[in-house]
Amino acid sequence: MIKVAINGYGTVGKRVADAVAAQPDMEIVGVSKTRPSFEAFVAKERGFPLYIADLSKKGAFDKLGLSVAGSVEEMLKKADVIVDATPGGIGKENLPLYKKLGKKAIFQGGEDHELAGFSFNSDCNYRDAIGRQFVRVVSCNTTGLCRMINLMDKAFGVSKVRATMVRRASDPGEVKKGPVDAVVLDPVTVPSHHGPDVQTVLPHIDITTMAMIVPTTFMHMHAVQMEVKKPATKEAILNLIEAHPRIGLVRPGTGIKSTAELKEYAMDLGRPRSDLWESCVFADSIGVIGGKDVYFFQAIHQEADIVVENVDAIRAMMGTVKDAAESVRMTNAALKFTAI
Ligand code: NAD
């Protein structure tokens, strides 16, 4: 069993912890928090040993009946791999400790590529992650872009991508964040960071992205245009997506044309936390003009798509499963997940 510690049990950390605990070849040795919150009660309910960053705060946890197993450093020592899911920028502060302890660590998209020196996506570069000490799982938007671009590139060759990201303002639980009533260009300048981030995984792709933030919490929406080298048809693209384990099709028959309905659908399907681990491509939006210009919309559940990628990254770094498709199959099967 691969021993996994989750450093930072928040939006991403709690989801990765549940996904890891569901795998037949992995176990959670501990999760960490800085202060008591409802997530600490979730950890208790799940039976995950709870470690804290600052032991002087132990009294506050004790008072609430939350038993503390020890310090974060003690937790890290028990792990084969650490999933660092602390807020963006904290991973950089944690790196020296992981190095000192000689531990493998996975960072999230809130950290710079340079921190780990390797940015990961299961579809694109699983084999290159085998045996690595440090890996960064790219952000939710970059994960969504990489999946479709790589699929199209393998089938038709992609010569150019132009994409606009309409981003959720905050996660549903983040009550203090906005905007409440504005569309915020993020940034005003072009490109946004997403295109260069895709190039940390797929360096040969010509991609330029623009991004804006809108007052919603459910999901991001991408409007993607790409130019392909070999002629493509809508039917061929639909068939490729049907066969992909982590790209789902939002089918016309469902009547879904918004992120709100999509999340409602995930809830009705009984997905844990109504999570959509797959990229959700709107089937009706796929258009091919002149055989070479491809258009589509895809919705990305920011809190979820990177969760399954973290699980695969653990296997790759440990070198226990050498084949990406096999790891993806194992991860999905353990979560009883087949794309919509
Ligand atoms: P979050 O704020 O929801 O959770 C972070 C957790 O880390 C909190 O529980 C906090 O108490 C804990 N923490 C803070 N400092 C710590 C420390 N020094 N040691 C241990 N724990 C500490 O953040 P999040 O949204 O889960 O984001 C985590 C990372 O994942 C970021 O890099 C972010 O950019 C990335 N990411 C987030 C999303 C998303 O939608 N939320 C999507 C993709 C990637």
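Just so it is clear, the model here is predicted, and its values are computed rather than measured.

Draft legend 1. Region of interest: the packing of aromatic side chains. Counted according to the given criterion, the structure contains 5 aromatic pairs. Taking 6.4 Å as the distance between ring centres and 80° as the angle between the ring planes, the aromatic pair formed by Y9 and F48 counts as edge-to-face. A residue pair is termed long-range when its members are at least 10 positions apart, and Y9 in the loop between β1 (2-7) and α1 (11-21) and F48 in the loop between α2 (38-46) and β3 (50-52) qualify at 39 residues. Given the relative accessible area of 10%, F48 is considered buried. Each ring, one from F107 and one from F134, has its centre 6.2 Å from the other, and the planes form 45°; the classification is tilted. Residue F107 is located in strand β6 (residues 104-107), and its partner F134 is located in strand β8 (residues 134-137); the two are separated by 27 residues in the primary sequence. Both residues of the pair, F107 and F134, belong to the buried class. Members of the aromatic cluster, connected to one another through ring pairs, are Y98, F107 and F134.

Draft legend 2. Spatial organisation of the environment of V311. Note that V311 resides in helix α12 (residues 305-318). Of the residues examined, V311 reaches a relative accessible area of 0% and is grouped as buried. Along the primary structure V311 and E114 are separated by 197 residues, whereas in three dimensions their C-alpha atoms are 21 Å apart.

Draft legend 3. Structural detail: unusual backbone geometry. Residues D186 and P187 are joined by a peptide bond in cis, for which omega reads 0°. Assignment of secondary structure puts P187 in the loop between β10 (184-185) and α9 (194-201). Look at the link from V190 to P191: it is a cis peptide, with omega at 5°. Note that P191 resides in the loop between β10 and α9. Here R273, not a glycine, exhibits a phi torsion of approximately 55°, which is positive. Note on placement: R273 falls in the loop between α11 (259-268) and β14 (279-282). The exposure class assigned to R273 is partly exposed, which follows from its relative accessible area of 29%. Notably, K336 is not glycine yet its phi reads approximately 55°, a positive angle.

Draft legend 4. Up close: the packing of helix α8 (residues 140-156) against helix α10 (residues 234-242). Running from N to C, α8 and α10 point in directions that differ by 120°, and their axes come no closer than 11 Å. Taken together, the axes of α8 and α10 are oblique relative to one another. When you trace α8 past α10, the crossing you get is right-handed. Touching M148, L151, M152, A155 and F156 of α8 are A236, I237, L240 and I241, all from α10. Here the contact of α8 with α10 is built from residues that sort into 9 nonpolar, no polar and no charged.

Procedures and definitions
Residues numbered from 1 in each chain as written. Predicted model: local features only at pLDDT ≥ 70, side-chain atom pairs only at ≥ 80, totals over all residues. Heavy atoms only, no water. Phe/Tyr/Trp six-rings, centres within 6.5 Å; stacked < 30°, edge-to-face > 60°. Helix = DSSP H or I, 4+ residues; strand = E, 2+ residues; numbered from the N terminus. Buried < 20%, exposed > 50% of the residue type's maximum accessible area, 1.4 Å probe, protein only. Axes fitted to C-alpha atoms, helices over the stretch in contact; angles between N-to-C directions. Parallel < 35°, antiparallel > 145°, perpendicular 65-115°, else oblique. Left-handed = near helix turned anticlockwise from the far one by under 90°. Contact = heavy atoms within 4.5 Å. Nonpolar A, V, L, I, M, F, W, Y, C, P; charged D, E, K, R; others polar.

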